[in-house]
Amino acid sequence: MRYRTRLASRQSKKFIERRKIRGIIIGALIIVSVVSGVYSASQLTYVNFLTIDKFDVVGADPDIAVKIEALAAESIQGQILGLFSKSNSFLYPAKSLTSAVLDSSPKIQSVSIYRKDLRTLAIVINEKQAVATVCPGLPDFSDNGFLADSSIKCYEADVTGYIFDQLSTTSNDRNLYFVQDLADASSTSLVGTMAATSSEFVGLQGFYNGARRAGLRIQAILVKDLGEYEMYVWNQAGDQSSDSQTTVVYFNSLRSLEDQLANLISFWNSAKGPFEYIDVRYGSNVFYRLMQ
């Protein structure tokens, strides 16, 4: 049998105490090293040759480009965790900057941001493409059937029907819509709103473009309440001359727009006008009235 002596017991206690002290010292050294390393790393993020101070905005209109450049400069100010520079070429907040740029203008479709060099960010803007002109309220026709220049504000809309910019004139080759439901909002800006639901607008665009491809000379489409529509077409008397008049085509969303378009084209090509109106809302039974 082995016995522990008092001397051995005192030695064991001293050994344990020394080990604790050594552990504390090592731990303190590790903490100091980590803090020193983090501090040194944070200071490196502030060096001039790694600090973004230039922005190259591409693809945006001049007024938007100036706004985006100021927004980008503001977005990279400050610190990350109170230690690292947000303007550092490798630490700048790309996601939040992208979101801020997208939210800065309804005209922006998408944005791409990348480092052009260590001190310059390239911000590439893809603006929305206008496919239609949208005017609130009702169209105004002169006595000879011409659609008069509207005194109300009209807007550009993209493929989804999203209104993103105001126009100074409706004189362009885009599809032209008048939206009755928007009449009450004609005194305020409609930028940032929808001309119609996306599905409805896409369907109307298909009807409009299909009629155009078939040779119908369309002036505009009126979007009324409850899915009812009117399309204004130059009659078959000839060119858009002073003696031309407008044929009104009635259609709606209760039946397939494709079927109504097919019936309209078939009737237009086979019947002899000029017509005061053509109604394709009742299937293959097309109703019409000749001009007097």
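Use the structure listed above.
Residues numbered from 1 in each chain as written. Predicted model: local features only at pLDDT ≥ 70, side-chain atom pairs only at ≥ 80, totals over all residues. Heavy atoms only, no water.

*Asks:* When you look at the overall build of the chain in this model, what are you seeing that I'm missing?
*Replies:* Scanning the chain from terminus to terminus reveals five helices and 14 strands. Every one of the 292 residues in the chain was classed for burial, and the buried ones make up 37%. As presented, the chain carries roughly 17,100 Å² of accessible surface, and 54% of it is formed by carbon and sulfur atoms. (Helix = DSSP H or I, 4+ residues; strand = E, 2+ residues; numbered from the N terminus. Buried < 20%, exposed > 50% of the residue type's maximum accessible area, 1.4 Å probe, protein only. Areas by Shrake-Rupley, 256 points an atom, 1.4 Å probe, with all protein chains shown as cover.)

*Asks:* Where do I start with the state of the cysteines in this structure?
*Replies:* Chemically, a disulfide is nothing more than a covalent bond linking the sulfur atoms of two cysteines. For the structure shown, the criterion picks out one disulfide. The disulfide partner of Cys-135 is Cys-154, and the gap between their sulfur atoms is 2.0 Å. Sign of the S-S torsion, about 115 degrees for the bond between Cys-135 and Cys-154, identifies this disulfide as right-handed. Here Cys-135, found in strand E6 (residues 132–136), pairs with Cys-154, found in strand E7 (residues 154–157); they are 19 residues apart in sequence, far enough to count as distant. The residues Cys-135 and Cys-154 share a single accessibility class, namely buried. (Disulfide = S-S within 2.5 Å.)

*Asks:* I tried to follow the nonpolar core on my own but got confused; where do I start?
*Replies:* A general tendency of soluble globular proteins is for nonpolar side chains to be buried together. Ranked by size, the top nonpolar core spans 42 residues in total, and within it Ile-163, Tyr-177, Leu-216, Met-231, Phe-251, Leu-264 and Ile-278 carry the most contacts. Among residues more than four places away in sequence, those in contact with Leu-216 are Ala-211, Met-231, Val-233, Leu-264 and Trp-268. Listed in part, the 18 residues of the second largest apolar core include Ile-52, Ala-65, Ile-76 and Ile-125. (Core = buried A, V, L, I, M, F, W, Y, C linked by side-chain atoms within 4.5 Å. Contact = heavy atoms within 4.5 Å.)

*Asks:* For this particular structure, what's the right way to read the sheet that holds strand E4 (residues 108–117)?
*Replies:* Strand-to-strand pairing in sheets goes through backbone hydrogen bonds, with the strands running parallel or antiparallel. Across the sheet, three strands lie side by side as E1-E5-E4; this open sheet has mixed pairing. In the strand order of this sheet, the two ends are held by strand E1 (54–58) and E4, each with one partner. Shown here is a sheet whose adjacent strand axes are inclined to one another by a mean of 20 degrees, direction ignored. The strands touched by helix H3 (residues 94–103) within the sheet are E4 and strand E5 (120–127), with E4 carrying the most contacts at an inclination of about 140 degrees. (Pairing = 2+ DSSP bridges. Axes fitted to C-alpha atoms, helices over the stretch in contact; angles between N-to-C directions.)

*Asks:* I would appreciate a short explanation of the pattern of salt bridges in the present structure.
*Replies:* As a working rule, side chains carrying opposite charge can pair if their charged atoms are close by. Overall, the coordinates contain nine salt bridges when judged by the stated rule. For the salt bridge of Glu-276 with Arg-289, the shortest nitrogen-to-oxygen distance reads 3.7 Å. Highlighted residues: Glu-276 in strand E13 (residues 275–279) and Arg-289 in strand E14 (residues 287–290), separated in sequence by 13 residues. Residue Arg-289 is classed as partly exposed on the basis of its relative accessible area of 42%. Through salt bridges with shared partners, one network takes in Asp-61, Lys-107 and Asp-165. (Salt bridge = Lys/Arg side-chain N within 4 Å of Asp/Glu carboxyl O.)

*Asks:* Which parts of the structure should I look at to understand the pairing of E13?
*Replies:* Look at any regular strand and the pattern is simple: side chains alternate between the two faces of the sheet. As paired elements, strand E12 (residues 246–252) and E13 share three bridges and run parallel to each other. Within E13, the residue paired with Val-249 across the bridge is Ile-278. Assessed by its sense of winding, the connection that carries the chain from E12 through helix H5 (residues 257–270) to E13 is left-handed. Sheet topology places E13 next to E14; four bridges connect them, and they run antiparallel. Within E14, the residue paired with Phe-275 across the bridge is Leu-290. (Right-handed = clockwise from strand over helix to strand, strands pointing away.)

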